[in-house]
Amino acid sequence: KQEVTQIPAALSVPEGENLVLNCSFTDSAIYNLQWFRQDPGKGLTSLLLIQSSQREQTSGRLNASLDKSSGRSTLYIAASQPGDSATYLCAADNYGQNFVFGPGTRLSVLP
Amino acid sequence: DAGVTQSPTHLIKTRGQQVTLRCSPKSGHDTVSWYQQALGQGPQFIFQYYEEEERQRGNFPDRFSGHQFPNYSSELNVNALLLGDSALYLCASRVGDQPQHFGDGTRLSIL
């Protein structure tokens, strides 16, 4: 059974800092790994998707890496801004059937 | 191009009642999944529908049932509501192995 964990559970940083969010999964036989952002009371916004054959994906200030052999993915946010404050969730896709989500990392970027 | 739409946005019910939540997938998507997200936790997979059939189911009791219509829209039904069913219910759609897209969810409160 796939289990996904995320550390830290919460993070508070001053504006402008670079930061790394961590995601670990127990079953390396995943189809892809996806990172989402969730604002309070809202749904999920997809940030980056990494296919199992890929090592990383980049979008603007965001970079996500995937190491299937070690069961880890990281989300790197460069030059953080107050607007980045949200909960960040990673999800392991079990061969296109369903996602197993981590509990999320709650990020606060202070002005 | 409309994304995933869910209705209603908020709902208040009492214990023992029944509820129906609705989801219209993103245009071109044929697969719909439902997730339950309790406060402060990551979403939990309920079930997935494809070609009007339940293709996979998570660890949820039979009180949770669903349906997919020929136009790919979907309903989630919950019978005999419990206080613990209070959560944000998220619908996601996809086609093939493309990324899932999520709606904004239905906030269900049980009194």
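Our structure is the block above this text.
Everything numeric in this text was worked out from a predicted model, so none of it was measured.

Chemist: Hey, could you run me through the interface of chain B and chain A in this one?
Modeler: When the parts come together, some accessible area is lost, and that loss is often what is quoted as the size of the interface. Across the contact, 21 residues belong to chain B and 20 residues belong to chain A. Summed over both sides, the interface between chain B and chain A buries roughly 1,500 Å², with carbon and sulfur atoms accounting for 47% of that surface. On the surface where chain B and chain A come into contact, there are one salt bridge. We note a salt bridge from aspartate 93 of chain A to arginine 94 of chain B, for which the minimum N-O separation is 2.9 Å. Counting across the interface, chain B meets chain A through three residue pairs in polar contact (both at pLDDT 80 or more). Taken together, the elements giving at least two residues each to the side of chain B that touches chain A come down to strand S4 (31–37), strand S5 (44–50), strand S6 (53–57) and strand S9 (87–94) of chain B.

Chemist: I keep staring at the state of the cysteines and nothing clicks. Help me out?
Modeler: Note on terminology: a disulfide is the covalent bond linking the sulfur atoms of two cysteines. All names here are of chain A. Scanning the model with the defined rule gives two disulfides over all chains in all. The residue that forms a disulfide with cysteine 23 is cysteine 90, at a sulfur-sulfur distance of 2.0 Å. Between cysteine 23 and cysteine 90, the disulfide has an S-S torsion of 80° and is therefore right-handed. With a gap of 67 residues between them, cysteine 23 in strand S3 (residues 19–25) and cysteine 90 in strand S9 (residues 86–93) connect regions that are remote in the sequence. One exposure class covers both cysteine 23 and cysteine 90, and it is buried.

Chemist: Teacher, can you tell me more about the packing of aromatic side chains here?
Modeler: By convention here, two paired aromatic rings are described through the distance between centres and the angle between planes. All chains considered together, the criterion is met by ten aromatic pairs over all chains. Look at phenylalanine 101 of chain A and phenylalanine 102 of chain B: their rings are 6.0 Å apart centre to centre, the planes differ by 75°, and that puts the pair in the edge-to-face class. Residue phenylalanine 101 of chain A is found in strand S10 (residues 99–101), and its partner phenylalanine 102 of chain B is found in strand S10 (residues 101–102); the two belong to separate chains. The buried category is assigned to phenylalanine 101 of chain A, whose relative accessible area is 6%. Pairing tyrosine 35 of chain B with phenylalanine 102 of chain B gives two aromatic rings, centres 5.6 Å apart and planes at 45°, and the pair type is tilted. A residue pair is termed long-range when its members are at least 10 positions apart, and tyrosine 35 of chain B in strand S4 and phenylalanine 102 of chain B in strand S10 qualify at 67 residues. Judged by its relative accessible area of 0%, tyrosine 35 of chain B is buried. Look at phenylalanine 102 of chain B and you get buried, because its relative accessible area is 10%.

Cut-offs applied
Residues numbered from 1 in each chain as written. Chains lettered and ligands numbered in written order. Predicted model: local features only at pLDDT ≥ 70, side-chain atom pairs only at ≥ 80, totals over all residues. Heavy atoms only, no water. Contact = heavy atoms within 4.5 Å. Buried area = accessible area lost by both parts, 1.4 Å probe. Salt bridge = Lys/Arg side-chain N within 4 Å of Asp/Glu carboxyl O. Polar contact = N/O pair within 3.5 Å; in protein donor to acceptor, adjacent residues only side chain to side chain. Helix = DSSP H or I, 4+ residues; strand = E, 2+ residues; numbered from the N terminus. Disulfide = S-S within 2.5 Å. Buried < 20%, exposed > 50% of the residue type's maximum accessible area, 1.4 Å probe, protein only. Phe/Tyr/Trp six-rings, centres within 6.5 Å; stacked < 30°, edge-to-face > 60°.

So yeah, pure geometry; function would need other evidence.
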